[in-house]
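Commentary on secondary and tertiary structure
Chain by chain, the residues:
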Amino acid sequence: MPEEVLFKSESAQGRESIATYLRDVADKLDAGDAITLTAGGQSVTLEPPAKPTFEVKAEREGPTEGPGELSIEFEIEWDEGSSGEDGDLTIE
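Here's a quick rundown of the structure.

Criteria and cut-off values
Residues numbered from 1 in each chain as written. Predicted model: local features only at pLDDT ≥ 70, side-chain atom pairs only at ≥ 80, totals over all residues. Heavy atoms only, no water. Helix = DSSP H or I, 4+ residues; strand = E, 2+ residues; numbered from the N terminus. Buried < 20%, exposed > 50% of the residue type's maximum accessible area, 1.4 Å probe, protein only. Contact = heavy atoms within 4.5 Å. Pairing = 2+ DSSP bridges. Patch = residues over 30% accessible without salt bridge, like charges linked within 9 Å, V, L, I, M, F, W, Y side chains within 5 Å. Areas by Shrake-Rupley, 256 points an atom, 1.4 Å probe, with all protein chains shown as cover. Salt bridge = Lys/Arg side-chain N within 4 Å of Asp/Glu carboxyl O.

Considerations on the overall build of the protein chain
Summing up its helical and strand segments, the protein chain has one helix and four strands in all. Across the protein chain, helices and strands are ordered from the amino to the carboxyl terminus as α-β-β-β-β. Within the protein chain, buried positions represent 5% of all 92 residues. Here the analysis covers contacts within the protein chain between residues at least 6 apart in sequence; of these, 41% occur between residues at least 24 apart.

Below, the structure written as structure tokens:
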């Protein structure tokens, strides 16, 4: 299935700034509000359903031996027009 990137932003941020962005998204999800992403000249507004799919992934990219790049990825996804499904996850 082809992928269309609606919005992309990537920049170095302090941990506190990242936490603020995540809190803002969490507040919008709690309230059932749409989420608007804006950076530079691009903007997109999305309305997640009540039960989207939530994916959490920890990755290490790079050579088998030696330093690589570590990441934590959070993804909220849903089919357009879908109400989503249940899932259990614990983050400590």
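After presenting the structure, the write-up continues.
Topic: the environment of Glu59
Residue position: Glu59 is located in strand β3 (residues 53-61). C-alpha of Glu59 to C-alpha of Ile72: the two residues are 13 residues apart in sequence and 6.5 Å apart in space. Apart from residues no more than four positions distant in its own chain, Glu59 is found in contact with Glu69, Leu70, Ser71 and Glu73.

A few points about the pairing of strand β2 (residues 42-46)
Relative to β2, strand β1 (residues 35-39) is paired through five bridges, and the arrangement is antiparallel. Bridge pairing in β2 links Ala39 to Gln42. Taking the residues between adjacent antiparallel strands as the criterion, β1 and β2 are bridged by two residues, where Gly40 takes a positive phi near 55 degrees.

Thoughts on a nonpolar patch on the surface
A surface patch of nonpolar side chains, amounting to about 560 Å² of accessible area, comprises Ile18, Leu22, Phe54, Val56, Ile72 and Phe74. Within the residue set of the nonpolar patch, elements represented by two or more residues are α1 (15-31), β3 and β4 (69-77). Relative to the assigned elements, Leu22 resides in helix α1.

So far we have only geometry, and geometry alone does not tell us how the molecule works.
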